[in-house]
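# Survey of secondary and tertiary structure
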Amino acid sequence: MKNYKKMMAMSKSELEDALKELQGTKSTYPDGDTFAMCYSIMPMTRITKSLTFKCSKCMEYDQMTFYTYNEDENIITNYKQLAKEYTKLGYDAKIQHFCDSCIDESNGKLSTLMFLFKTKGMNDYTYTELDTDSYSDDEYQIVLKFLQGRFSYDELNKTLRYAYSSNELNDIIERITGIKLPIGQSND
Ligand SMILES: [Zn+2]
């Protein structure tokens, strides 16, 4: 295992090399294997919360609703903390939220909550759509582990609720970071 504690943010080309290294590893977990997990036996009541937010584009106020178990939860604050985990590693990451009219004008490019990612060597942010029904960061935690230097499928699958296939893990990393290996260079 690599020492990733003092690691600097990887540039676009370093991320591509890391993805190649990852793709050179073999997953030893059967796909979809479910790991033991502790279930809470506390009955939880899911509540619907409504939140007013300012659109990142037109600065108009809009509203969104989401499900939560916690009266005090603010889904936008949670996602901003997630982005902070990325910026702590030296990456440029942020959350933006968009109103319905900006979403309508974007021809499918924007949705209510978006995660933006960029690193050295990238001109533009890569936008991915965040779950707005309830807070969900599973895929973003996988990418965080990759960015921390865990370049093997088994390392990435460790501590997850179930094992993702290597293709799924590739797809998650490529989609969120915007890294795409040139054809012929992947999975050789
Ligand atoms: Zn707007």
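Below is a short write-up of the structure. Nothing here was measured: the structure is a model prediction, and the numbers come from that model. (Residues numbered from 1 in each chain as written. Predicted model: local features only at pLDDT ≥ 70, side-chain atom pairs only at ≥ 80, totals over all residues.)

### So, helix α6 (residues 166-177)
In an α-helix, one turn spans 3.6 residues, which is why side chains three or four residues apart end up on the same side. Helix length check: α6, at 12 residues, gives a terminal C-alpha distance of 16 Å against a target of 16 Å (1.5 Å per residue), a fit within 8%. Those residues of α6 lying buried are S166, L169, I173, I176 and T177. Each buried residue of α6 lies within a common arc of 115° when the element is viewed along its axis, so the set occupies one face. Trailing α6 by a residue or two, G178 shows a phi angle of about 80°, which is positive. (Helix = DSSP H or I, 4+ residues; strand = E, 2+ residues; numbered from the N terminus. Expected span 1.5 Å × (residues − 1). Buried ≥ 20, exposed ≤ 12 C-beta atoms within 10 Å, placed from the backbone. Arc of directions from axis to C-beta.)

### Describing the pairing of strand β2 (residues 61-68)
Every other side chain in a regular strand lies on the same face of the sheet, so the side chains alternate between the two faces. Strand direction decides the pairing type here: strand β1 (residues 47-54) and β2, joined by 8 bridges, are antiparallel. Bridging across to β2, K49 finds its partner in F66. Remark: 6 residues form the turn of the hairpin made by β1 and β2, two consecutive strands paired antiparallel; M59 in that turn has positive phi of roughly 65°. (Pairing = 2+ DSSP bridges.)

### Overview of unusual backbone geometry
We note that M59 has phi near 65°; this positive angle belongs to a residue other than glycine. Residues other than glycine seldom take positive phi values, yet N107 does so here, at roughly 55°. You can see N107 is positioned in the loop between α3 (100-105) and β4 (113-118).

### A look at the nonpolar core
M114, F115, F117, V143, F146, L169 and I173 are the most contacted members of the largest nonpolar core, which has 31 residues in total. Taken together, the elements giving at least two residues each to this core come down to α1 (12-23), α2 (75-88), β3 (92-97), β4, α4 (138-147), α5 (153-157) and α6. Looking at this core element by element, the count peaks at 5 residues for α4. Sequence-distant contacts of I173, defined by excluding residues within four places in its chain, comprise L19, V143, F146 and I179. (Core = buried A, V, L, I, M, F, W, Y, C linked by C-beta atoms within 7 Å. Contact = placed C-beta atoms within 7 Å.)

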